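# Structural description and commentary
Read off the chains here:
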Amino acid sequence: MTTTCSTILAAAAAAFTLVAAAPADAQIRVGITVSASGPGAALGQPQMRTVKALPKEIAGQQVTYVALDDESDPTKSAQNARKLITEDKVDVLIGSSLTPTTLPLIDIAAETRTPLLTLAAAAALVQPMDDKRKWVYKVVPNDDLMGRAILGYIAGTGVKKLGYIGVSDGYGEGYYKVLSQEAPKRGITLTTHEVYARSDSSVTGQVLKVIASKPEAVFVASAGTPAVLPQKALRERGYKGPIFQTHGVATEEFIKLGGKDVEGAVFAGEAFTIADDLPASSPFRKPTQEYVKAYETVHAQKPNIFGAHLWDTMELVANAAPDALKHGKPGTAEFRSALRDALERTRNVYLNNGLSNMSPTDHNGYDERSAFLIRVDGGKFRLLERK
């Protein structure tokens, strides 16, 4: 317990109760590292709170969760991963919340032959497929899928000049790469490439450069509450054009912190965010209802999309576990390898994040059916256009 921070004691006490209560030979052990503190806390905290809501049994096996905070630090996330694999003997590794804190886990997962399900967004985590990435699966829709969806909408509004400002890490740069490749195909010119750190308290200089480029609209590539900063700065400096964001903003904290300045922001996001706006017959409503019910049973508040990322990873594990158990017992290399193979055969599983169909070349598994256009309208996220 010496390396386990206080966050775990508060958010995942139930997991440690399971460790003591369940017989060692009847457990599927799940290791989780998330960014519950530091710049990624807006993502990691709801994920840590979701630990208590996760299923305690799948495929007839009790499940043990060991959850650690990596403090939004790539070095710490790597340390957590090695501890979870070597000391806690986990069968599957989940994490981390951010692209930078996930990148070092790819080598560790491949080296130890442990399936890794990441909660981060960048497509580079699972593309291009190689001997290392074949152990990695990603529950958040790829930035290229969401980028193409929102660009299609932007082009449809007649925008020809698009300003860009994003975070200076893999998430922002992943989106910029998509936009720089896809925008010209739609007759759109990117007028800027301004960046900032998630921990920055001001983006005045960058915003002034964006405004000076006279864009017809601005795209902000950021996630969580740090995504508010550029939008507020743009509005405070008098910019009145449309502002587009990414699926990383889909939290109540974004709306509360941004207030009137984030009204009208449009982005391509997941079904969870606008599930109530979907038809009653939509198969996307069921996973959201199940997650919300489980979460509200243990917390006196509503969950958000970042917690849903963690819930969905366990839905994928639960779907793959029955087949994996035919090839080995939990705690064995045979089980871990079979679980990796079974995850790759995921077909037609509806999640909060989309419709999952994995393959040997696609460990994200979503297509355009998983991208919904969403707008901040009256202080709420509302479905803008049905897919």
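Right above here is the structure, for reference.
Conventions adopted
- Residues numbered from 1 in each chain as written.
- Predicted model: local features only at pLDDT ≥ 70, side-chain atom pairs only at ≥ 80, totals over all residues.
- Heavy atoms only, no water.
- Helix = DSSP H or I, 4+ residues; strand = E, 2+ residues; numbered from the N terminus.
- Rg over C-alpha atoms; globule rule 2.2 N^0.38 Å.
- Buried < 20%, exposed > 50% of the residue type's maximum accessible area, 1.4 Å probe, protein only.
- Contact = heavy atoms within 4.5 Å.
- Areas by Shrake-Rupley, 256 points an atom, 1.4 Å probe, with all protein chains shown as cover.
- Lys, Arg positive; Asp, Glu negative; His and termini not counted.
- Charge placed at Lys NZ, Arg CZ, Asp CG, Glu CD.
- Expected span 1.5 Å × (residues − 1).
- Polar contact = N/O pair within 3.5 Å; in protein donor to acceptor, adjacent residues only side chain to side chain.
- Pairing = 2+ DSSP bridges.
- Right-handed = clockwise from strand over helix to strand, strands pointing away.
- Axes fitted to C-alpha atoms, helices over the stretch in contact; angles between N-to-C directions.
- Parallel < 35°, antiparallel > 145°, perpendicular 65-115°, else oblique.
- Left-handed = near helix turned anticlockwise from the far one by under 90°.
- Nonpolar A, V, L, I, M, F, W, Y, C, P; charged D, E, K, R; others polar.

## Topic: the overall build of the protein
- Counting its regular elements, the protein contains 13 helices and 16 strands.
- Expected size for 387 residues packed as a compact globule is a radius of gyration near 21 Å; at 20 Å, the protein falls within 12% of this value.
- A principal-axis box enclosing the C-alpha atoms of the protein has dimensions of 65 × 40 × 40 Å.
- Among the 387 residues that make up the protein, the fraction classed as buried is 58%.
- The long-range share in the protein, meaning contacts at least 24 apart out of those at least 6 apart in sequence, stands at 67%.
- A total accessible area of about 14,900 Å² is found for the protein, and carbon and sulfur atoms account for 50% of it.
- Averaging the coordinates of the 44 positive side-chain charges in the protein and doing the same for the 42 negative ones gives two points 3 Å apart.

## Digging into helix α12 (residues 305–324)
- Taking 1.5 Å per residue as the helical rise, α12 with its 20 residues ought to reach 28 Å, and the 28 Å between its terminal C-alpha atoms agrees with that figure.
- Of all the 20 residues making up α12, 15 are buried; the element is thus mostly covered by neighbouring parts of the structure.
- With a side-chain oxygen positioned 2.9 Å from the backbone nitrogen of Phe306, the residue opening α12 is Asn304.

## Focus on the environment of Ser281
- Turning to its location among the elements, Ser281 is positioned in the loop between β12 (266–269) and α11 (285–298).
- Along the backbone, Ser281 and Arg113 are 168 residues apart, and their C-alpha atoms lie at a distance of 40 Å.

## Let's talk about the sheet that holds strand β3 (residues 61–69)
- Here we have six strands laid out as an open sheet, ordered β2-β3-β1-β4-β5-β6, and mixed in their pairing. Here the strands that pair on one side only, and so sit at the sheet edges, are β2 (57–58) and β6 (136–138).
- Direction of pairing for strand β1 (residues 27–34) relative to β3: parallel, over a ladder of eight bridges. Across the sheet, residue Ile28 finds its bridge partner in β3, namely Val63.

## Considering the pairing of strand β10 (residues 217–221)
- Burial within β10 is extensive, with five of its five residues counted as buried.
- Of the two faces of β10, both are covered, the one formed by Ala217, Phe219 and Ala221 as well as the one formed by Val218 and Val220.
- Alignment of strand β7 (residues 161–167) against β10, held across five bridges, turns out to be parallel. Opposite Gly166, over in β10, you have Ala221 as the bridge partner.
- Bridge count for β10 against strand β11 (residues 243–244) is two bridges, and the pairing is parallel. By the bridge assignment for β11, Val218 is matched with Ile243.
- In this fold, the crossover linking β10 to β11 by way of helix α9 (residues 228–236) has right-handed handedness.

## Quick look at the pairing of β1
- With eight of eight residues buried, β1 lies mostly within the body of the structure.
- The alternating pattern of β1 places Gln27, Arg29, Gly31 and Thr33 and Ile28, Val30, Ile32 and Val34 on opposite faces, both of which are buried.
- Bridge count for β1 against strand β4 (residues 92–95) is four bridges, and the pairing is parallel. Bridged to Gly31 within β4 is Leu93.

## Overview of the environment of Val30
- Relative to the elements of secondary structure, Val30 occurs in strand β1.
- As a C-alpha pair, Val30 and Ala212 span 182 residues in sequence and 50 Å in three-dimensional space.
- For Val30, the residues in contact, after removing those within four places along its chain, are Val63, Thr64, Tyr65, Val66, Val90, Val92, Ile94 and Met314.

## A few points about the packing of α12 against helix α13 (residues 333–344)
- Axis separation between α12 and α13 bottoms out at 8 Å; the angle between their running directions is 120 degrees. Relative to α13, α12 is oriented oblique. Remark: the crossing between α12 and α13 carries right-handed chirality. The segment α12 lies against α13, with Leu316, Val317, Ala320, Ala321, Asp323 and Ala324 engaging Phe335, Ala338, Leu339, Ala342 and Leu343.
- In the contact of α12 with α13, the residues fall into ten nonpolar, no polar and one charged.

Function cannot be inferred from these measures alone, as they are strictly geometric.
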